[in-house]
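# A structural walkthrough
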Amino acid sequence: MKSSVELDAARDRYVAQHEAFLNGQSEAAWLRDLRLRAIARFVDLGFPTTRHEEWKYTDTRPIAAFNRDQALSPNGHSSVERWQLEGAHRLVFLAGKFAPELSQLQELPDGVTVCSLAEAISRDSEIVQQNLACYAEFDDAAFVALNTAFFEDGAFIHVPQNMQVQTPIHLLFLTPDGALSQPRNLFLIGDNSQITIVEEYAAKNTQGRGFSNSVTEISAGKNTQIDHYKVTTEGEAAFHVGTMQVQQDRDCNFSSHSITFGGQIVRHQANAVMGESGIETTLNGLYVGGADQVIDNHTVMDHAQPHCNSHEIYAGVLAGRARGVFNGKIFVRLDAQKTDAKQTNRALLLSSDAEIDAKPQLEIFADDVKCTHGATVGQLDEDALFYLRARGINQHDAQDILTHAFAGEILERVQIAPLRERLEQALFAKLQSIRS
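Here we summarise the structure given alongside this text.

Cut-offs applied
Residues numbered from 1 in each chain as written. Predicted model: local features only at pLDDT ≥ 70, side-chain atom pairs only at ≥ 80, totals over all residues. Heavy atoms only, no water. Buried < 20%, exposed > 50% of the residue type's maximum accessible area, 1.4 Å probe, protein only. Helix = DSSP H or I, 4+ residues; strand = E, 2+ residues; numbered from the N terminus. Pairing = 2+ DSSP bridges. Contact = heavy atoms within 4.5 Å. Polar contact = N/O pair within 3.5 Å; in protein donor to acceptor, adjacent residues only side chain to side chain. 1 Å grid on protein atoms, 1.4 Å probe; cavity = no way out; pocket = protein on both sides within 12 Å on 5 of 7 lines; lining within 4 Å. Points joined across faces, edges and corners; volume = space filled by probe spheres on them. Nonpolar A, V, L, I, M, F, W, Y, C, P; charged D, E, K, R; others polar. Axes fitted to C-alpha atoms, helices over the stretch in contact; angles between N-to-C directions. Parallel < 35°, antiparallel > 145°, perpendicular 65-115°, else oblique. Left-handed = near helix turned anticlockwise from the far one by under 90°.

With that settled, consider the pairing of strand β14 (residues 280–289). By the criterion of burial, β14 is predominantly enclosed, with nine of the 10 residues buried. Pairing analysis gives eight bridges linking strand β12 (residues 253–260) to β14, with the strands arranged parallel. The partner of Ile259 across the bridge, within β14, is Leu286. Of the strand pairs in this sheet, β14 and strand β16 (residues 309–318) are connected by 10 bridges, and their pairing is parallel. Looking at β16, one finds that Asn284 is bridged to Ile313.

With that out of the way, let us pick up the environment of Glu217. Along the chain, Glu217 falls in strand β9 (residues 211–220). Here Glu217 falls in the buried class, since its relative accessible area comes to 0%. Sequence spacing of Glu217 and Trp83 is 134 residues, and the spatial spacing of their C-alpha atoms is 24 Å. Contact partners of Glu217, with chain neighbours within four places excluded, come to Asn131, Leu132, Ala133, Cys134, Tyr135, Ala136, Arg184, Asn185, Leu186, Phe187 and Gln245. At 3.2 Å, the side chain of Glu217 and the side chain of Arg184 are in polar contact.

Time to look at the layout of surface pockets. Space inside the largest pocket adds up to approximately 850 Å³. In terms of lining residues, the largest pocket is bounded by 32 residues, among which Glu137, Asp140, Ala141, Gln269 and Asn271 are the most central. Elements supplying a minimum of two residues to the lining of the largest pocket: α6 (142–150), β11 (239–248), β13 (265–274), β15 (294–303) and β17 (323–332). Looking at the lining of the largest pocket, the element that brings in the most residues is β13, giving five residues. Considering only residue class, the lining of the largest pocket consists of 16 nonpolar, seven polar and nine charged.

Moving on, we get to the packing of helix α8 (residues 395–411) against helix α9 (residues 417–435). With their axes 11 Å apart at the nearest point, α8 and α9 run at an angle of 140° to one another. Viewed along their axes, α8 and α9 adopt a mutual orientation that is oblique. Considering the relative orientation of α8 and α9, their crossing is right-handed. Contacts between α8 and α9 involve His396, Gln399, Asp400, Thr403, His404, Ala407 and Leu411 from the first element and Arg420, Leu423, Glu424, Leu427, Phe428, Leu431, Gln432 and Arg435 from the second. Looking at side-chain class alone, the contact of α8 with α9 contains six nonpolar, five polar and four charged residues.

A separate point is empty space enclosed by the protein. What the rule picks out here adds up to four cavities of 30 Å³ or more. Approximately 120 Å³ is the volume attributed to the largest cavity. In terms of lining, the largest cavity is formed by 16 residues, of which the most central are Lys230, Met244, Ser258, His268 and Ala270. At the level of elements, β10 (225–233), β11, β12, β13, β14 and β15 are the ones that each hand at least two residues to the lining of the largest cavity. The residue makeup of the lining of the largest cavity, split by class, is four nonpolar, 11 polar and one charged. Within this model, the second largest cavity holds a volume of roughly 50 Å³. In terms of lining residues, the second largest cavity is bounded by Glu53, Glu54, Lys56, Tyr57, His298, Val325, Phe326, Asn327, Asp357 and Lys359. Looking at which element gives the most residues to the lining of the second largest cavity, the answer is β17, with three residues.

Structure, rendered in structure tokens:
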């Protein structure tokens, strides 16, 4: 009962703030109407509780109780070099708002647009209006509704047909200590096009406490190839709720790799709809947590049409009193014959107090399919540890070597060399911190 009262009070606080927020915006009628519908739905839904099946293992009360520092000035980030990806285009957002002085765009192919969502709305609102909130629906998603009601900016990428964007697009979202950030991203990739996107959420203060509630919508045209990465390394006391929704057309090849090292409570929702035949979809994830971290990964692979393949591998490393959650759903619709879907979740527990809650789900309505799933939970192999110790390697280094080998399968799939090297360094640093 107490938790319900707390969540209702937090919901009412956001609702009260929304009118003042709208009064401070000067925007098109269609966007204002969208915001009003979203806040009305948020009122109906409220913050989810552990009585909701989708949030059974994650308590949202600490997130709901977060109240941003009204006196916050997000201008303290004078440099972003520590997050630099050599050779990549870079867009930087502070507390969810575009920071052009920290961004760096090289020459783009003709017709390709990479800019802030606010600029895209003001410059060419028709294409945004036709696509925004058309993929990530908020009818049953409270945090998506909240983002839709309050977002101010985010990244907009539009790639026309028959384009190859060879240089990766690096989107860096920095949440200052005390800030509430609700970025909205919209990626529209035309037929026969190719692109690589890195979506990174970080904080300059590793002890910082902020709240990021992000939504990313991706429309992938026919025969597209999209390589997407989401990296979360926010402060140890930070909250992060992120939703990614991808809608795929015929013969699309889409992959997304989620890497999570930071955050006190982190929730990733990754949804992929295979709306035509011949689609290949990959959702992979690596999460490493210690102390009291909660890292919650929910995925949905929706096979709506025949002859589509999906692959998932999620690997978690947990120490201290950290808790991981993996809920992977595979839907195979009635007409989705010749589906091939594979899902694997593995967790490595480095302490007796660490916990993983895994829930693989298959809902299959077609009969000519191949669907497999597996979940394993274990500790480091004692024989392997003994082998390394016998060769003069100390206990901690031996554990790190085996743990890195466990996590390496995901990191090896990162195709951007500078990003892979940085993530490997971050992994070693994280392993040291959760052992200390």
